[in-house]
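Listed below, chain by chain, are the residues.
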Amino acid sequence: MDKNELVEKAIEAKQFSFSPYSKFRVGAALQTIEDKIITGCNVENASYGLTICAERVAIFKAYSEGYRKFKSIAIASDDKNFCPPCGACRQIIWELCGDIDIILIDGNKNTKVFKASEFLPYPFGDENLKGNVNE
Ligand code: THU
């Protein structure tokens with residue numbers, strides 16, 4: 001599967017965004033190692049803090065269907081600038097997907113590819129839970 005297909009799926013996923021408060025639509029497309037594509041969009045809530053980002057929707061959908069290994073995630077918005085994953089999503093991507101490619105897509109369909117590790121240097125992970133001196 002080529003990168004363009006994943007990019008198009010992220011753009012398509014954006015149409016389902018439920019974002020009446022921010023009016024900021026985001027779509028994500030996650031590629032498994034089997035080359036299955038699982039999409040997500042942001043889903044907002046009147047209690048703003050309950051909003052969930054497109055990336056996390058895609059990743060949690062994938063986990064809930066049994067997928068555990070991934071190659072890349074594409075993230076699309078309508079903005080003239082790229083929409084990088086928020087801090088919470090960076091942590092989730094790192095722990096649940098590893099050092100995958102992150103493809104950002106702006107509102108003009110320009111793309112830029114990063115590694116997950118570029119967005120989260122010096123990450124906190126499961127290894128950090130093993131060195132507790134009080135145990
Ligand atoms: N949002 C995402 O879905 N992904 C991101 O990477 C950044 C932000 C959503 C959350 C909220 O619904 C809207 O964009 C504005 O913050």
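(A) Representation of the overall build of the protein in the model. If you tally the helices and strands in the protein, you get four helices and five strands. Along the protein, helices and strands appear, N-terminal first, in the series α-β-β-α-β-α-β-β-α. The C-alpha atoms of the protein give a radius of gyration of 15 Å, which matches the 14 Å a tight globule of 135 residues would have. If one aligns the C-alpha atoms of the protein with their principal axes, the spans along those axes are about 50 × 40 × 30 Å. Counting the 135 residues in the protein, one finds 39% classified as buried.

(B) Structural view of the environment of Pro85. Relative to the elements of secondary structure, Pro85 occurs in the loop between strand 3 (70-77) and helix 3 (87-97). For the pair formed by Pro85 and Ser22, sequence separation is 63 residues and the distance between their alpha carbons is 16 Å. Leave out the neighbours within four places in its chain, and Pro85 touches Glu55, Ile75, Arg90, Ile93, Ile102, Leu104 and Phe119.

(C) Main features of helix 1 (residues 3-13). Taken together, the buried positions of helix 1 are Leu6, Val7, Ala10, Ile11 and Ala13. Considered in projection along helix 1, the buried side chains sweep an arc of 165 degrees and stay on one side of the axis. Those residues of helix 1 hidden inside the fold are in contact with strand 1 (26-32), strand 2 (37-41), strand 3, strand 4 (101-105) and strand 5 (111-115).

(D) Structural context of a nonpolar patch on the surface. Residues Phe18, Tyr21, Val43 and Tyr48 make up a contiguous nonpolar surface patch of about 420 Å² in total accessible area. Position of Tyr21 relative to the elements: it lies in the loop between helix 1 and strand 1. For Tyr21, a relative accessible area of 41% puts it in the partly exposed group.

(E) The layout of surface pockets, seen in detail. What the largest pocket holds in volume is close to 150 Å³. Lining the largest pocket are 14 residues, with Phe24, Val26, Asn42, Cys53 and Cys83 sitting closest to its centre. Residues belonging to the lining of the largest pocket are distributed by class as follows: nine nonpolar, three polar and two charged.

Conventions adopted
- Residues numbered from 1 in each chain as written.
- Predicted model: local features only at pLDDT ≥ 70, side-chain atom pairs only at ≥ 80, totals over all residues.
- Heavy atoms only, no water.
- Helix = DSSP H or I, 4+ residues; strand = E, 2+ residues; numbered from the N terminus.
- Rg over C-alpha atoms; globule rule 2.2 N^0.38 Å.
- Buried < 20%, exposed > 50% of the residue type's maximum accessible area, 1.4 Å probe, protein only.
- Contact = heavy atoms within 4.5 Å.
- Arc of directions from axis to C-beta.
- Patch = residues over 30% accessible without salt bridge, like charges linked within 9 Å, V, L, I, M, F, W, Y side chains within 5 Å.
- Areas by Shrake-Rupley, 256 points an atom, 1.4 Å probe, with all protein chains shown as cover.
- Salt bridge = Lys/Arg side-chain N within 4 Å of Asp/Glu carboxyl O.
- 1 Å grid on protein atoms, 1.4 Å probe; cavity = no way out; pocket = protein on both sides within 12 Å on 5 of 7 lines; lining within 4 Å.
- Points joined across faces, edges and corners; volume = space filled by probe spheres on them.
- Nonpolar A, V, L, I, M, F, W, Y, C, P; charged D, E, K, R; others polar.

This is a description of form; function is not addressed.
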